[in-house]
Amino acid sequence: MKPAETILAATLQRIGQPAGSDDREITLSQAEVDRMLEEAYNMGIKEGRKSLFHEEEDMGTQLFQQLMESLPDHVYFKDLQSRFICVNRSMATYHGVGEPSAIVGKSDFDFFEANSARAKFEDEQEIIRTGKGWSFKEELSVHEGKKERWVISSKLPLYDPNGKICGTFGLSRDITKQKRAEQEVFRQRRLLETIIQILPCRLFLRDREGKFILVNQEYRKVVGIPLDLDITGKLLTDVVNDPRADRVLAEDLQVIETGQAVTNKLEYDKSILAGNRWVLTSKVPLRTQSDKIEGIVGMSLDITEQKKAEELARKAKEALQAKNEQYEEELLVARQLQEQLMSMGFNQSRLYSKDGDNWNFRACYIYKPSHHLAGDFFHLIPVDENRIGVLVCDVMGHGVKAALVTMLIRGLMTEIPDILGHPSKVLQHLNETILSLAEDEEFPRFVTAAYLIVDLAKGEVILASAGHPCPLLKNNESDFQECPCDIVGPALGLLGGEPFGDTRFPLDSESELFLFTDGIIEQSTATGVDFGKDGLVHALGLATSRKIDEQLDHVKTSLATALGGRPSNDDICVVALKISPNT
């Protein structure tokens, strides 16, 4: 049945007239006439498209259909109003619809953001108007939802069988990934170029013939090449009129020919690139992806100032070392002097002896500073024929300042011969002097001290303490115990007034007294605990002999064992006294 017959039969059926008779008169309303015309118009468009694209089922049509199905690129045909009349499957998939027929009759305004769709529409209308299309043009398409896609497209006019423009057709390929990759490469290239230009070292790239590919600003500045001068493709000898340029070029060509890199070569360079400067140079072959050498990359860094600084540092180090050696020698002399002053009256075995009217006196000591100079010291003072004073002090800190305070205290003891027999008065005098000096922030403000008098006529001991550890006492009838000490005053240099007092106790039999600073009892051992008074008492008790020098030898051995080979962390000072009746 022909299209006209089909439309007429449908119309008769709607108005209730039987079909089959052609000579009868039929009256139609204006609405039915309008409807028949509209159906005829639509049928004509449909049949026209069918005639244009699908009427001839020949080999060419089949090939076209297969091509439209299989092409990965987007293929489309549009009418004069830029509405789609045919698209391939790839384009339907691109727009997110199932079948190509679902796009027919729609336009770019149904898929793209308004501005992007309008630009496409205007381009196509210009092609229809002028008959001139274009090929391989990059376009940015913005879909609904602001999703951007890059395509490369070709658009041309579409002609009907009579040679008249009836629309447009085109082909586009999604190159979004490629475009983003190109943008990233461009970004990284710009970043690399920026870094190269701001590097403080001189950098260049040359090809196999020695011609410049790239140089940075520092290279231009050193060689004297103007910033606006394009030197790409030129030799160094073309740019710089200097005989030394030939030598530089020859060295670079040798790297290219041999393929052997030069890495961190330090030299005093007199070439045109340095000008009597210390430089650190690296040159490596520039290779292709197939490992073929196509040029050279070079970098040189001026380290002249660094070399000057190193030389100054070396000289300063030598001078400092010489000063340190001198300082060490002077400290050694000072230490020897400090110990000599303390050991006055002692023999080479560190023993001191004195016989009184009724009692005999023996003394021995251990003295081991943790630094060159110590803040711990002792002073043995013969007051008169029967009285001996023993002072043990511990100055806060170590080194020169603490040692100077010990010398000060020793000097003060020589100024007060009238009160040397009264321990509390001696400590009071030292306290007042140190308080007056302690206003200086650099002056050590904390000194502990123990001072005692041994009376060899009476067999009596008088003891005064300024915050110092109490001495140990042992006689024939008792083990080691702390000496009686009724009053323990504050450390020297803390409080004014008269806070010190004397403690007297008699000696009924042969007795041993051990004065010490806190350096030995607070010594940290290998096990992490302090040596302590218990450790000192235990070491003294190990001695089978009652000779005080042998007892102190046992103390040194026990302490060394407890330290496990580690150095002491504080000064060590122990003074041993033995008082025996002389009957």
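(A) Molecular detail of the overall build of the protein. Scanning the protein from N- to C-terminus turns up 15 helices and 22 strands. Contacts in the protein between residues far apart in sequence, at least 24 positions, make up 57% of those at least 6 positions apart.

(B) Representation of the nonpolar core in the model. Grouped together as the largest cluster of nonpolar side chains are 55 residues, with contacts concentrated most on Phe361 and Leu577. For Phe361, the contacting residues outside a window of four places in its chain are Tyr352, Ser353, Lys354, Leu380, Ile388, Val390, Val454, Leu456, Leu577, Lys578 and Ile579. With 20 residues, the next largest nonpolar core counts Phe531, Leu540, Val555 and Ala576 among its residues.

(C) Expanded view of a negative patch on the surface. Judged by side-chain charge, Glu325, Glu328, Glu329 and Glu330 come together as a negatively charged surface patch. When its relative accessible area of 44% is taken as the criterion, Glu325 is described as partly exposed.

(D) Seen up close, empty space enclosed by the protein. Throughout the structure, instances matching the rule amount to three cavities of 30 Å³ or more. Its volume calculated, the largest cavity comes out at about 130 Å³. Along the wall of the largest cavity there are 17 residues; nearest its centre are Tyr76, Met91, Phe112, Lys120 and Ser172. Put simply, the parts of the chain that give the lining of the largest cavity at least two residues each are strand S1 (74-78), helix H4 (89-94), helix H5 (114-130), strand S3 (134-142) and strand S4 (148-159). Lining the second largest cavity, in full, are Gln338, Leu341, Met342, Phe377, Thr406, Met407 and Arg410. Looking at the lining of the second largest cavity, the elements that each hand over two or more residues are helix H10 (304-342) and helix H11 (399-414). Here the residues of the lining of the second largest cavity sort into four nonpolar, two polar and one charged.

(E) Highlighting the packing of aromatic side chains. In this structure the tally under the stated criterion is 12 aromatic pairs. When the centroid spacing of 6.0 Å and the interplanar angle of 80 degrees are considered together, the rings of Phe346 and Phe378 count as edge-to-face. Within this pair, whereas Phe346 is found in the loop between H10 and strand S11 (351-355), its partner Phe378 is found in strand S13 (residues 376-382), the two being separated by 32 residues in sequence. As far as burial versus exposure is concerned, Phe346 and Phe378 are alike and both buried. When the centroid spacing of 4.8 Å and the interplanar angle of 45 degrees are considered together, the rings of Tyr365 and Phe378 count as tilted. Pair noted here: Tyr365 is in strand S12 (residues 359-368) and Phe378 is in strand S13, with a separation of 13 residues, a long-range link. Stacked on the ring of Trp134, the Lys or Arg Lys137 has its end atom at 4.7 Å from the ring centre.

(F) Looking closely at the sheet that holds strand S22 (residues 572-581). Taking strand neighbours across the sheet as the criterion, the six strands line up as S11-S12-S22-S21-S17-S18 in an open arrangement whose pairing is antiparallel. The sheet is open, and its two edges are formed by S11 and strand S18 (481-482), each paired on a single side. Pairing between S11 and S12: five bridges, direction antiparallel. By the bridge assignment, Leu351 is partnered in S12 with Cys364. Along the sheet, helix H15 (residues 548-563) contacts S11, S12, strand S21 (511-516) and S22; its crossing angle with S12, the most-contacted strand, is approximately 20 degrees.

(G) Spatial organisation of a nonpolar patch on the surface. On the surface, Met396, Phe446, Leu494 and Leu495 cluster together to form a nonpolar patch covering roughly 380 Å² of accessible area. Using a relative accessible area of 45% as the deciding quantity, one classes Leu494 as partly exposed.

(H) Region of the structure containing helix H14 (residues 532-542). Listed in full, the buried residues belonging to H14 are Gly532, Gly535, Leu536, Ala539 and Leu540. Buried residues of H14 fall within an arc of 140 degrees about the axis and therefore sit on the same side. Across H14 from its buried face, at more than 90 degrees, point the exposed residues Asp534, His538 and Gly541. Looking at the buried positions of H14, the neighbouring elements they touch are strand S17 (472-475), S21, helix H13 (518-521) and H15.

(I) Structural detail: the sheet that holds S4. Taken in spatial order, the five strands make up an open sheet running S2-S1-S5-S4-S3, and their pairing is antiparallel. Taken across any chain shown, the strands that pair with only one partner, and hence form the sheet edges, are strand S2 (84-87) and S3. Geometrically, the sheet is characterised by an average inter-axis angle of 30 degrees between neighbouring strands, direction not taken into account. Pairing between S4 and strand S5 (residues 165-174): nine bridges, direction antiparallel. Among the inter-strand pairings, Ser153 is bridged to a residue of S5, identified as Ser172. Each of S3, S4 and S5 is contacted by helix H6 (residues 176-198), which is oriented at about 130 degrees to S4, the strand it contacts most.

(J) Structural detail: the packing of H10 against H11. Closest axis-to-axis distance for the H10/H11 pair is 12 Å, and the angle between their directions is 30 degrees. By the criterion of interaxial angle, the relationship of H10 to H11 is roughly parallel. As for how H10 packs across H11, the hand of that crossing is left-handed. For the pair formed by H10 and H11, the contact residues are Tyr327, Leu331, Gln338, Leu341 and Met342 on the first element and Val400, Ala403, Thr406, Met407 and Arg410 on the second.

(K) Seen up close, the side chain of Asp571. Looking at the secondary structure, you find Asp571 in the loop between H15 and S22. At 2.9 Å, the side chain of Asp571 forms a polar contact with the backbone nitrogen of Gly375. Excluding anything up to four places from it in sequence, Asp571 contacts Lys368, Pro369, Ser370, His371, Ala374, Gly375, Asp376, His398, Thr517, Gly519 and Ile520.

(L) Examining the pattern of salt bridges more closely. A complete count under the given rule lists 31 salt bridges for this structure. A salt bridge links Arg129 to Glu126, with the nearest nitrogen and oxygen atoms 2.6 Å apart. Taken together, the positions of Arg129 and Glu126, both in helix H5 and three residues apart, correspond to about one turn of that helix. Residue Glu126 is classed as partly exposed on the basis of its relative accessible area, which comes to 39%. The shortest N-O distance in the salt bridge between Glu318 and Arg314 comes to 2.7 Å. With Glu318 and Arg314 both in helix H10 and four residues apart, the pair spans about one turn of that helix. With a relative accessible area of 43%, Glu318 lands in the partly exposed category. Shared partners join several salt bridges into a network, and the residues in it are Arg206, Arg247, Glu251, Asp252 and Lys283.

Scoring rules and cut-offs
- Residues numbered from 1 in each chain as written.
- Predicted model: local features only at pLDDT ≥ 70, side-chain atom pairs only at ≥ 80, totals over all residues.
- Heavy atoms only, no water.
- Helix = DSSP H or I, 4+ residues; strand = E, 2+ residues; numbered from the N terminus.
- Contact = heavy atoms within 4.5 Å.
- Core = buried A, V, L, I, M, F, W, Y, C linked by side-chain atoms within 4.5 Å.
- Buried < 20%, exposed > 50% of the residue type's maximum accessible area, 1.4 Å probe, protein only.
- Patch = residues over 30% accessible without salt bridge, like charges linked within 9 Å, V, L, I, M, F, W, Y side chains within 5 Å.
- Areas by Shrake-Rupley, 256 points an atom, 1.4 Å probe, with all protein chains shown as cover.
- Salt bridge = Lys/Arg side-chain N within 4 Å of Asp/Glu carboxyl O.
- Lys, Arg positive; Asp, Glu negative; His and termini not counted.
- Charge placed at Lys NZ, Arg CZ, Asp CG, Glu CD.
- 1 Å grid on protein atoms, 1.4 Å probe; cavity = no way out; pocket = protein on both sides within 12 Å on 5 of 7 lines; lining within 4 Å.
- Points joined across faces, edges and corners; volume = space filled by probe spheres on them.
- Nonpolar A, V, L, I, M, F, W, Y, C, P; charged D, E, K, R; others polar.
- Phe/Tyr/Trp six-rings, centres within 6.5 Å; stacked < 30°, edge-to-face > 60°.
- Lys NZ or Arg CZ within 6 Å of the ring centre and 35° of its normal.
- Pairing = 2+ DSSP bridges.
- Axes fitted to C-alpha atoms, helices over the stretch in contact; angles between N-to-C directions.
- Arc of directions from axis to C-beta.
- Parallel < 35°, antiparallel > 145°, perpendicular 65-115°, else oblique.
- Left-handed = near helix turned anticlockwise from the far one by under 90°.
- Polar contact = N/O pair within 3.5 Å; in protein donor to acceptor, adjacent residues only side chain to side chain.

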